[in-house]
Amino acid sequence: MSSAGGGSALQVHAVRFGPGQELLGSLQAFVEERRLRAPFIITCVGSLTKATLRLANATATNTNEVLHLSGRFEIVSLVGTLNPNAHLHISLSDGEGRTVGGHALGDLEVFTTAEVVVGEAVDLQFTREMDVHTGFPELVVRPRSQTDQSA
């Protein structure tokens, strides 16, 4: 199933999270507070001391391919959509420059900073619906109704 959305105007928001904050939950709270309906990550730099990632070989029936990281990591990349049931992928590098990445499950504890630029497609709304082909809730893109835009 493909979900085709049209073009949209772009609104840009920037936020910085500090030491000890949990990045995923903080981003979700930011999105909720700003009432963003089609948010996504434009860019992120910063560092973490902990992270929990689901690895690429996980499936809908075997979701236990999880990696718990602890140490000091640079955020090399953070990408994805931030609607409820956010779908974010993160790449982290350690003190030796080795990189690991996967689906961000949470427990993303900020070390020094996380500087995030969030975009919102203001004419669209993102939701997630179960996809029978993948077994996961997948992104559905819809035009935002006039009533949604005034909310």
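Structural notes, computed from the coordinates. Residue indices begin from 1 for each chain and proceed along its sequence in written order. With the structure being a predicted model, the display of local features is reserved for residues of pLDDT at least 70 and the display and counting of side-chain atom pairs for 80 or more, all residues being used for whole-chain, interface and lining totals. Processing note: side-chain calculations cover all non-hydrogen atoms of the structure and skip hydrogens and water entirely.

On to the side chain of His13, then. Strands are runs of DSSP state E lasting at least 2 residues, helices are runs of H or I lasting at least 4, and numbering of each runs from the N terminus. Tracing the backbone shows His13 in strand E1 (residues 10–17). The contact rule is simple, with two residues in contact once any of their heavy atoms fall within 4.5 Å. Aside from chain neighbours lying at most four places away, what touches His13 is Phe30, Arg34, Leu36, Val116, Val117, Val118 and Glu120.

What follows deals with the pairing of strand E5 (residues 99–121). The pairing criterion is simple: DSSP has to find at least two bridges between the two strands. Pairing of E1 with E5, which is carried by eight bridges, proceeds in the antiparallel orientation. Bridge pairing links His13 to Val118 in E5. Here strand E2 (residues 39–54) pairs with E5 via twelve bridges, running antiparallel. When the sheet's bridge partners are listed, Thr43 is paired in E5 with Val117. Here strand E4 (residues 87–93) pairs with E5 via five bridges, running antiparallel. When the bridges of E5 are listed, Leu92 appears paired with Val100.

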